[in-house]
Structures are given as structure tokens and as C-alpha cells.
Amino acid sequence: LFLEQPLGAGQPVPLTQEQAHYLFGVMRLGKGAGVLVFNGRDGEWRAEVAEAGKRGGLLVCAEQTAPLRVPPDLWLMFAPIKKARTDFIVEKAAEMGVRRILPVQTRFTNSERIRQDRLQAHAVEAAEQCGGTFVPEVCDLVALDRLLADWPAERRIMWCDENMLGARAGLLAGAGETEPRGFEEAPKSPSPGPWAVLIGPEGGFAEAEQARLRRMEQVVPVSLGPRILRADTAAVAALTLWQSVLGD
Ligand code: SAM
């Protein structure tokens, strides 16, 4: 169960009415029951129910069952698509382990706004479900152009460029190259420094966006294979590719 409160040995954790309802109403736990809790900062703890009530309750942390495992410094930037598929992208990114999730507004993005709080809740649920101890921050929608305008020099961008079809999956092209190359030839995985994966909208990236990305030396264009994938499929494929080849 995800809690906001700090966790530590012997730490009393007062429960909100909503948390109490879930533990004692839905899960039907009683006094003395054990529950695994995490807050995204202090690792996972086994806690015991000290008080159980309708409007609240109290847990006491007994022992840490897993340390905090922070995923590699990888951001997922994607252009939001239909609600359910955007939820899917956030859930899969949280399950697979990213540090931050940034919905980006591009020229052809078809949804003008997102419910950042709802997407953050999806990331929490995904972490709870997969036994994660870290929850990626889901940022509010930001214009891609603005983000790229002052992009940090040290953070590379794995740009999933749907123009590079016809390549086998998993090919990586050197920045500025037109023909993708096999990963086996790729420059050795760069310093394990920070990365971002960039996925475009259903309509793809606009010409001007592609030109700008091609000019940025931090950008590494990547092909995800010979077929055009839906953005949610592409997100999962790209994260898998990153972890298998570029991840530190
Ligand atoms: N512009 C495409 C078209 O005209 O059908 C559709 C874009 S695709 C649905 C959404 C995003 O997924 C793309 O912007 C790209 O980031 C990624 N993508 C999909 N297939 C890809 C591939 N084979 N290689 C690299 N990226 C891909």
C-alpha cells in the first residue's frame, strides 16, 4: 500500500479515512494484522495495525522488507493520446522503471490537456501492483519546443523516429545519420549518464520538430523496426530497447 507518511523502525503511521476504509473496510484487516507499505522514499516496510477504526487508524512500522530501489535516471517523454492509452503508457513506464514521466505537447498532439493527478495515481497503482518501492513523478503537460529550448546538455534523447522504418528492430543510428545501424556497431553505451526516451503522437512529429531534433547533438534517432507502432506500443518497445542496450 502506498502512503505519503514517512516510514521507519517503530514509526507510528496515522491513517487517513480513505486509507482506513481501504485497509479495514475493503481488505478487512484487523488489529495486529501485517501490511506492506511504501512511500517512494524509504523502501518497503512491514507494518502492523495498532488501531483500526471507521474514520482512521494507526499502523506501526515493524521492519524494512525491501530497500528503496531507484530506477536509472531515465525520463519518458510522450505525446498524450486517447485517455485509456495514455493511462496505459504511464502504467507501463512505472512498471518498467523510469525516473520521471513527461507528457509533451507537440504540433500534432490531439489532446490539449491531461489530468496530471489522475495519471500520478495510475503511476502509484502500477508501483503498488509490481512491488516497486519508487514512484516516478508524472509532470504536467509541457510544450516539447519549450522543453527542448533549454534541454540539459548531459541528458541524451533516444528519439523514436518513425521515419526510420525498414530497419530491424533495435537499430540505433548515430545522430545525423540517415541509415540506422545495428546496435552491435553503435558507439558503446555512452556514459551511464541520464537519458530520455521520446515518443511522438499518432500524427507523428512535425517537419520542424524533426529538423530541430536532428540538430541537437544529444539526440540519438532510433528505429523500433519495420512497422509503424501505435504510440503506446512504441513506448513499451522503446523502454525495453533502452534497458537492454543503453541502460546503465
Ligand atoms: N507518423 C506515423 C504515421 O504517419 O502513421 C504515426 C506515428 S506513431 C503512431 C507514434 C510514435 O511512435 C512516433 O512518433 C514514433 O515516436 C513512434 N514509432 C512508431 N513506430 C516506430 C518505428 N517503427 N520506429 C521508431 N519510432 C516509431
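Residues numbered from 1 in each chain as written. Predicted model: local features only at pLDDT ≥ 70, side-chain atom pairs only at ≥ 80, totals over all residues. Heavy atoms only, no water.

Points about a nonpolar patch on the surface
Thinking step 1. On the surface, Tyr-22, Val-26 and Met-27 cluster together to form a nonpolar patch covering roughly 280 Å² of accessible area.
Thinking step 2. Within the element layout of this structure, Met-27 appears in the loop between helix H1 (17–26) and strand E2 (34–38).
Thinking step 3. When its relative accessible area of 44% is taken as the criterion, Met-27 is described as partly exposed. (Patch = residues over 30% accessible without salt bridge, like charges linked within 9 Å, V, L, I, M, F, W, Y side chains within 5 Å. Areas by Shrake-Rupley, 256 points an atom, 1.4 Å probe, with all protein chains shown as cover. Salt bridge = Lys/Arg side-chain N within 4 Å of Asp/Glu carboxyl O. Helix = DSSP H or I, 4+ residues; strand = E, 2+ residues; numbered from the N terminus. Buried < 20%, exposed > 50% of the residue type's maximum accessible area, 1.4 Å probe, protein only.)

Focus on the packing of aromatic side chains
Aromatic ring pairs are reported here in terms of the distance separating the ring centres and the angle at which the planes meet.
Thinking step 1. Per the stated rule, a full pass over the model turns up three aromatic pairs.
Thinking step 2. A ring pair is formed by Phe-2 and Phe-38, whose centres lie 5.3 Å apart and whose planes are at 70°; its orientation type is edge-to-face. Of this pair, Phe-2 sits in the segment before strand E1 (12–15) while Phe-38 sits in strand E2, placing them 36 residues apart in sequence.
Thinking step 3. Here Trp-75 and Trp-151 contribute two aromatic rings whose centre-to-centre distance is 5.7 Å and whose plane-to-plane angle is 80°, an arrangement assigned as edge-to-face. Taken together, the residues span a long stretch of sequence, with Trp-75 in strand E5 (residues 74–78) and Trp-151 in the loop between helix H4 (144–149) and strand E9 (156–160) at a distance of 76 residues.
Thinking step 4. On the accessibility criterion, Trp-151 (8% relative accessible area) is buried.
Thinking step 5. Between Arg-155 and the ring centre of Trp-75, over which it is positioned, the NZ or CZ distance is 3.7 Å. (Phe/Tyr/Trp six-rings, centres within 6.5 Å; stacked < 30°, edge-to-face > 60°. Lys NZ or Arg CZ within 6 Å of the ring centre and 35° of its normal.)

With respect to the UniProt feature "domain: Ribosomal RNA small subunit methyltransferase E PUA-like" (unreviewed entry) in the protein chain
Thinking step 1. As annotated in UniProt, the feature "domain: Ribosomal RNA small subunit methyltransferase E PUA-like" (unreviewed entry) corresponds to residues 15–56 in the numbering used here.
Thinking step 2. With 24% helix and 36% strand, the stretch residues 15–56 has end C-alpha atoms that lie 5 Å from each other. (UniProt positions renumbered as here; feature names shortened; annotations may be inferred.)

Quick look at the side chain of Thr-109
Thinking step 1. Here Thr-109 lies in the loop between strand E6 (100–105) and helix H3 (116–130).
Thinking step 2. One polar contact links Thr-109 to Thr-106, side chain to side chain, over a distance of 2.6 Å.
Thinking step 3. Not counting the four nearest positions on each side in its chain, Thr-109 is found in contact with Ala-79, Pro-80, Val-104 and Pro-201. (Polar contact = N/O pair within 3.5 Å; in protein donor to acceptor, adjacent residues only side chain to side chain. Contact = heavy atoms within 4.5 Å.)

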